[in-house]
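Here is what each chain is made of, one letter per residue.
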Amino acid sequence: MNNDSFDDDLDVFRQALKDIKVQRLDERHTNRADVRATLRAKKEQDEALLARRMAATHTDDTQARSRTSDGRVEPVTPGQSLLFFLPDLPARTISKLKKGEYEWQAGLDLHGYTLEEARQELENFIHDAMTERMRCVLVVHGKAWGGLADYPVIKSHVNAWLRELPEVIAFSSAQPIDGGTGAVYVLLKKGRYNG
């Protein structure tokens, strides 16, 4: 990672802290009111993240809840490029992700899995990547049509599932060398993972 991208991410982080009015706590004067204020700020931050995620997926609450819970997803075509990012992500970060300029640190190939197995594997993979403090990973979803569906089932579901995972801040179809439209680069949150 170069210093420019680190500085951009640091500026975004500082602005987010400022937006939710987070202040430094003097450890000698920490009291219950400070803890309550910190918890309230964390709750507001989580609510703001959810609002940004909902805005980024352009769906209403009913669609978001039902997207994968009942098996319905928005079908994508085999050659369709996928792209998702939180609205406040810097343009330079999105551009680098699309160009494959982030080195991916682990990969998951979902070929041969049932839909339910694929979802479980994806969730476990993202959880493990966060535990290992990885920044960018590759998920190979393929482009094959599945079962009776007239669209690539795993690819369409991965497109929906990744949008719902709070650890994911962006994803983009990969460069041809890494699988093209049959795979995605996934950019994960930075920092310690407490999951």
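Before reading on, note that the structure itself is shown above.
All of these numbers come straight from a predicted model, not from anything done at the bench.

> Which parts of the structure should I look at to understand the sheet that holds strand β2 (residues 107–109)?
Through backbone hydrogen bonds, the strands of a sheet pair up, either in parallel or in antiparallel fashion. Sheet architecture is open: five strands sit in the order β1-β4-β5-β3-β2, paired in mixed fashion. Where the open sheet ends on each side, the last strands, each with one partner, are β1 (83–85) and β2. Neighbouring strand axes in the sheet, compared pairwise and without regard to direction, differ in orientation by 20° on average. Pairing analysis gives three bridges linking β1 to strand β4 (residues 168–173), with the strands arranged antiparallel. By the bridge assignment for β4, Leu83 is matched with Ser172. Packing against the sheet, helix α4 (residues 91–98) makes contact with β1, β3 (136–140), β4 and β5 (183–188), and its axis sits at approximately 45° to β4. Those strands touched by helix α5 (residues 115–131) are β2, β3 and β5, and its axis lies near 165° from that of β3.

> Got a minute to help me understand the packing of aromatic side chains in this structure?
The relative placement of two aromatic rings is captured by the distance of their centres and the angle of their planes. By the definition in use, this model includes one aromatic pair. Taking 5.5 Å as the distance between ring centres and 25° as the angle between the ring planes, the aromatic pair formed by Phe84 and Phe171 counts as stacked. Residue Phe84 is found in strand β1, and its partner Phe171 is found in strand β4; the two are separated by 87 residues along the sequence. Accessibility classification places Phe84 together with Phe171 in one group, the buried group. A cation sits over an aromatic face here: Lys96 above Tyr102, 4.7 Å from the ring centre.

> What should I look at first to understand the packing of α5 against helix α6 (residues 153–164) in this one?
Helix-helix packing is described using two parameters, namely the angle between the two axes and the distance between the axes. Packing of α5 against α6 brings their axes to within 11 Å, and their N-to-C directions diverge by 40°. One way to sum up the angle between α5 and α6 is to call them oblique. Where α5 crosses over α6, the two elements pack in a sense that is right-handed. In this structure, α5 contributes Leu115, Ala118, Arg119, Leu122 and Ile126 to the contact, and α6 contributes Val153, Ile154, His157, Trp161, Leu162 and Glu164. Classifying every residue of the contact of α5 with α6 by side-chain character gives eight nonpolar, one polar and two charged.

> Which parts of the structure should I look at to understand the pattern of salt bridges?
A pair can form between side chains of opposite charge whenever their charged atoms are brought close. Enumeration over the complete set of coordinates arrives at two salt bridges. In this structure, Arg119 engages Glu123 in a salt bridge whose closest nitrogen and oxygen atoms are separated by 3.0 Å. With Arg119 and Glu123 both in helix α5 and four residues apart, this pair spans about one turn of that helix. Salt-bridge contacts for Arg119 lead to Glu164; the nearest nitrogen and oxygen are separated by 3.9 Å. Remark: Glu164 occurs in helix α6 and Arg119 occurs in helix α5; sequence separation between them is 45 residues. Judged by its relative accessible area of 26%, Glu164 is partly exposed. When salt bridges with common partners are traced through the structure, they connect Arg119, Glu123 and Glu164 into a single cluster.

Rules and cut-offs
- Residues numbered from 1 in each chain as written.
- Predicted model: local features only at pLDDT ≥ 70, side-chain atom pairs only at ≥ 80, totals over all residues.
- Heavy atoms only, no water.
- Pairing = 2+ DSSP bridges.
- Helix = DSSP H or I, 4+ residues; strand = E, 2+ residues; numbered from the N terminus.
- Axes fitted to C-alpha atoms, helices over the stretch in contact; angles between N-to-C directions.
- Contact = heavy atoms within 4.5 Å.
- Phe/Tyr/Trp six-rings, centres within 6.5 Å; stacked < 30°, edge-to-face > 60°.
- Buried < 20%, exposed > 50% of the residue type's maximum accessible area, 1.4 Å probe, protein only.
- Lys NZ or Arg CZ within 6 Å of the ring centre and 35° of its normal.
- Parallel < 35°, antiparallel > 145°, perpendicular 65-115°, else oblique.
- Left-handed = near helix turned anticlockwise from the far one by under 90°.
- Nonpolar A, V, L, I, M, F, W, Y, C, P; charged D, E, K, R; others polar.
- Salt bridge = Lys/Arg side-chain N within 4 Å of Asp/Glu carboxyl O.

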